[in-house]
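Topology and contacts: notes
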Amino acid sequence: MAAGESLTTTSYIQHHLSFLAEPFAGGVIHADTMITSIVMGIIGLGFFWWVARGATSGVPTRRQAFVELVFDFVDDQVAGMFHGDRHKFVAPAALTVFVWVLLMNATSFLPVDWAAGAIHLAGPEEFRLTPTADVNTTFALALSVWFLMIYFNIAVKGLGGWLHELFCSPFGGNPLLWLFNFLFNVVEYVSKPLSHSLRLFGNLYAGEIIFLLLWVWAATGVSGVVFGSILGLGWAIFHILIVPLQAYIFMMMTIVYLQMAHESH
Amino acid sequence: MSINLTLIAQAITFFVFIWFCVRFVWPPVLGAIEERRKTIAEGLAAAEKGSKSLDEAKVQIAGLLDEARGQARQIIDQANARATSILEEARTGADQERERIIQSAQAEVQQQINRARDELRTQVAGIAVAGAEKILAREIDPRAHQALLDQLAAQI
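Residues numbered from 1 in each chain as written. Chains lettered and ligands numbered in written order. Predicted model: local features only at pLDDT ≥ 70, side-chain atom pairs only at ≥ 80, totals over all residues. Heavy atoms only, no water.

**Things to note about unusual backbone geometry**
Each neighbour pair has its own omega, and for serine 169 of chain A with proline 170 of chain A the value is 10 degrees, a cis peptide bond. Topologically, proline 170 of chain A is positioned in the loop between helix 6 (135–168) and helix 7 (178–218). (Helix = DSSP H or I, 4+ residues; strand = E, 2+ residues; numbered from the N terminus.)

Here you go:
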């Protein structure tokens, strides 16, 4: 918030929804999204790596037991759906998705105004804390999974097998049906990354907006502070459910899409 | 909602993180868990084997005990039989000894009877000769009448 401007509801919300956009390589990049997501990824995977490096097959420490708990949770999910050699790629990818998305989502627990104030002191005017409330992040993840899906389709079934599937399923191999099959598959291929990414983005973005609206209300007076705080607490508790749930859903859809790429119809 | 270079940068970040996890995080954790599972499985198998061999040992012990008991019974039986046979032998020996002693005693008695009888006979013969001497009032020539006297003594 630039000094001297009057604070209105619109400017408050706009301020909190503005990215720290920086020119980069002839385009624009959201520095806040990049910094937070990379820091979160390093914290999450760094912790796992640190524990994995000292992992013992004997009696595990509590730290290792926690890591193994998360590991087993992800591995069980993958094992339940994926029937190939999951340890080579799919399961670790799922773990990466789960840990990273969970931590990126978890940044939304931080009180926005306090965090913004602290960052403001450090310099940047605008800084959005939650990378998964940035559609770039969710699209990046979903499209990466999408390309992986196509890669595994071709790697497992061969280019011919994949093309055959594009034109001959789900309705059948009759030449009259090729067009319909293809259109159907195009819709599927378009809808997959959209639903994958927009579900995560929508949940986190909506959560952010509702917090902001509550804090706007809290600025209106005593009753606003009281009710804003009570509702804010309620929404925060609900948000604690949303954050791991969305990370879980995102991981599950990643596994499902990669599994579908491995199975021929 | 603005799509920009962030998307590509995030995708690259994502792949780097996946690569890192595939390369450095997943294998050691998986290895540790798998190895522990193996250790636990081996431990359970060893415990099962141990309890099985304990059962086998119990069976073996019961067999050995039975055998030992049987042998003991056999030894006792043999000892009893031996005692009985010794007793029997002793009894037989004693019987034979008694029989022998009785026989020798009887033989001795018979001998003494015979000797007494001979002596008596000789004395009777002497008395008879002395009587006859007195009756005949003269000395009988013992040499001339010895045959007579012997005959007499044999008749008594």
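**Some thoughts on the confidence of the model for chain A**
Per-residue pLDDT for chain A averages 88, and the proportion of residues at 70 or more is 97%. The element-level mean pLDDT for chain A is lowest in strand 1 (residues 21–24) of chain A, coming to 78, with helix 4 (residues 90–106) of chain A highest at 94. (pLDDT = per-residue confidence, 0-100.)

**Focus on the interface of chain B and chain A**
Taken together, the contact between chain B and chain A spans 28 residues of the former and 50 residues of the latter. At the junction of chain B and chain A, the tally comes to 1 salt bridge. Between glutamate 68 of chain A and arginine 36 of chain B there is a salt bridge, with its nearest N and O atoms 2.8 Å apart. Taken together, the links from chain B to chain A amount to 13 residue pairs in polar contact (both at pLDDT 80 or more). For the side of chain B that touches chain A, a count of residues per class yields 21 nonpolar, 5 polar and 2 charged. (Contact = heavy atoms within 4.5 Å. Salt bridge = Lys/Arg side-chain N within 4 Å of Asp/Glu carboxyl O. Polar contact = N/O pair within 3.5 Å; in protein donor to acceptor, adjacent residues only side chain to side chain. Nonpolar A, V, L, I, M, F, W, Y, C, P; charged D, E, K, R; others polar.)

**Remarks on the side chain of threonine 6 of chain B**
Mapped onto the secondary structure, threonine 6 of chain B falls in helix 1 (residues 5–136). Take threonine 6 of chain B: its relative accessible area is 0%, and that puts it in the buried class. (Buried < 20%, exposed > 50% of the residue type's maximum accessible area, 1.4 Å probe, protein only.)

**Some thoughts on the nonpolar core**
Counting residues in each nonpolar core, the largest one holds 52 residues, and the members touching the most others are Val78, Leu95, Val101 and Met251 of chain A. At the level of elements, helix 2 (31–53), helix 3 (62–81), helix 4, helix 6, helix 7 and helix 8 (222–262) of chain A together with helix 1 of chain B are the ones that each hand at least two residues to this core. No other element matches the 11 residues that helix 4 of chain A contributes to this core. Ignoring sequence-local partners within four residues, the contact set of leucine 95 of chain A consists of Phe48, Val70 and Val74 of chain A together with Cys21, Val25 and Trp26 of chain B. (Core = buried A, V, L, I, M, F, W, Y, C linked by side-chain atoms within 4.5 Å.)

**Some thoughts on the side chain of histidine 30 of chain A**
Tracing the chain through its elements places histidine 30 of chain A in strand 2 (residues 27–30). Residue classification places histidine 30 of chain A among the buried residues on the basis of a relative accessible area of 2%. Within the structure, histidine 30 of chain A has its side chain in polar contact with the side chain of asparagine 4 of chain B (distance 3.0 Å). If we ignore the near neighbours within four places in the chain, the residues touching histidine 30 of chain A are Phe19, Leu20, Ala21, Asp134 and Asn136 of chain A together with Ser2, Asn4 and Thr6 of chain B.

**Observations regarding the packing of aromatic side chains**
Residues and elements named next belong to chain A. Inspection of every chain in the model, using the stated rule, returns 23 aromatic pairs over all chains. Geometrically, the ring pair formed by phenylalanine 73 and tyrosine 248 is tilted, given 5.8 Å between the ring centres and 35 degrees between the ring planes. In this pair, phenylalanine 73 is assigned in helix 3 and tyrosine 248 in helix 8, connecting sequence segments 175 residues apart. Its relative accessible area of 30% is what places phenylalanine 73 among the partly exposed residues. Judged by relative accessible area, tyrosine 248 falls into the partly exposed class, the value being 26%. Among the aromatic residues, those joined into a cluster by ring pairs are Phe47, Phe48, Trp50 and Phe66. Positioned above the aromatic ring of tryptophan 49 is the side chain of arginine 53, whose terminal nitrogen or guanidinium carbon lies 4.8 Å from the ring centre. Its guanidinium or amino end placed over the ring of tyrosine 189, lysine 192 lies 5.4 Å from that ring's centre, counting from NZ or CZ. (Phe/Tyr/Trp six-rings, centres within 6.5 Å; stacked < 30°, edge-to-face > 60°. Lys NZ or Arg CZ within 6 Å of the ring centre and 35° of its normal.)

**Considerations on a nonpolar patch on the surface**
Residue and element names in this part refer to chain A. On the surface, Trp217, Val222, Val226, Phe227, Ile230 and Leu231 cluster together to form a nonpolar patch covering roughly 590 Å² of accessible area. The biggest single contributor to the nonpolar patch is helix 8, with 5 residues. Its place among the elements puts valine 226 in helix 8. (Patch = residues over 30% accessible without salt bridge, like charges linked within 9 Å, V, L, I, M, F, W, Y side chains within 5 Å. Areas by Shrake-Rupley, 256 points an atom, 1.4 Å probe, with all protein chains shown as cover.)

**Notes on the pattern of salt bridges**
All names here are of chain B. Taken as a whole and judged by the stated rule, the model has 11 salt bridges over all chains. Arginine 37 is the salt-bridge partner of glutamate 34, the closest N and O atoms lying 3.9 Å from each other. A residue pair is termed a helical-turn pair when its members lie 3 or 4 positions apart in one helix, as glutamate 34 and arginine 37 do in helix 1 at 3 residues. For glutamate 34, a relative accessible area of 41% puts it in the partly exposed group. Owing to a relative accessible area of 55%, arginine 37 belongs among the exposed residues under this scheme. With a shortest N-O distance of 3.7 Å, arginine 91 and glutamate 88 are connected by a salt bridge. Remark: glutamate 88 and arginine 91 occur in helix 1; sequence separation between them is 3 residues, near one turn of the helix. Look at arginine 91 and you get partly exposed, because its relative accessible area is 46%. Judged by relative accessible area, glutamate 88 falls into the partly exposed class, the value being 42%.

**Here's the deal with the packing of helix 3 of chain A against helix 8 of chain A**
All names here are of chain A. The contact between helix 3 and helix 8 brings their axes to 10 Å, and the two run at 35 degrees. Viewed along their axes, helix 3 and helix 8 form a crossing whose handedness is right-handed. Across the interface between the two elements, Phe73, Val74, Gln77, Val78 and Met81 of helix 3 pack against Tyr248, Met251, Met252, Ile255, Val256 and Gln259 of helix 8. (Axes fitted to C-alpha atoms, helices over the stretch in contact; angles between N-to-C directions. Left-handed = near helix turned anticlockwise from the far one by under 90°.)

**Concerning the environment of threonine 13 of chain B**
Within the secondary structure, threonine 13 of chain B is located in helix 1. Threonine 13 of chain B gets classed as buried once you look at its relative accessible area, which sits at 9%. Put simply, threonine 13 of chain B and glycine 31 of chain B are 18 residues apart on the chain and 26 Å apart in space, counted from C-alpha to C-alpha. Not counting residues up to four positions away in its chain, the partners in contact with threonine 13 of chain B are Met34, Ile38 and Trp100 of chain A.

**A word on the environment of histidine 262 of chain A**
All names here are of chain A. Mapped onto the elements, histidine 262 comes out in helix 8. A relative accessible area of 24% means that histidine 262 is categorised as partly exposed. When the C-alpha atoms of histidine 262 and phenylalanine 98 are compared, they prove to be 21 Å apart, with 164 residues separating the residues in sequence. Apart from the residues lying within four places of it in its own chain, the contact partners of histidine 262 are Phe82, Val90, Phe152, Val156 and Lys157.

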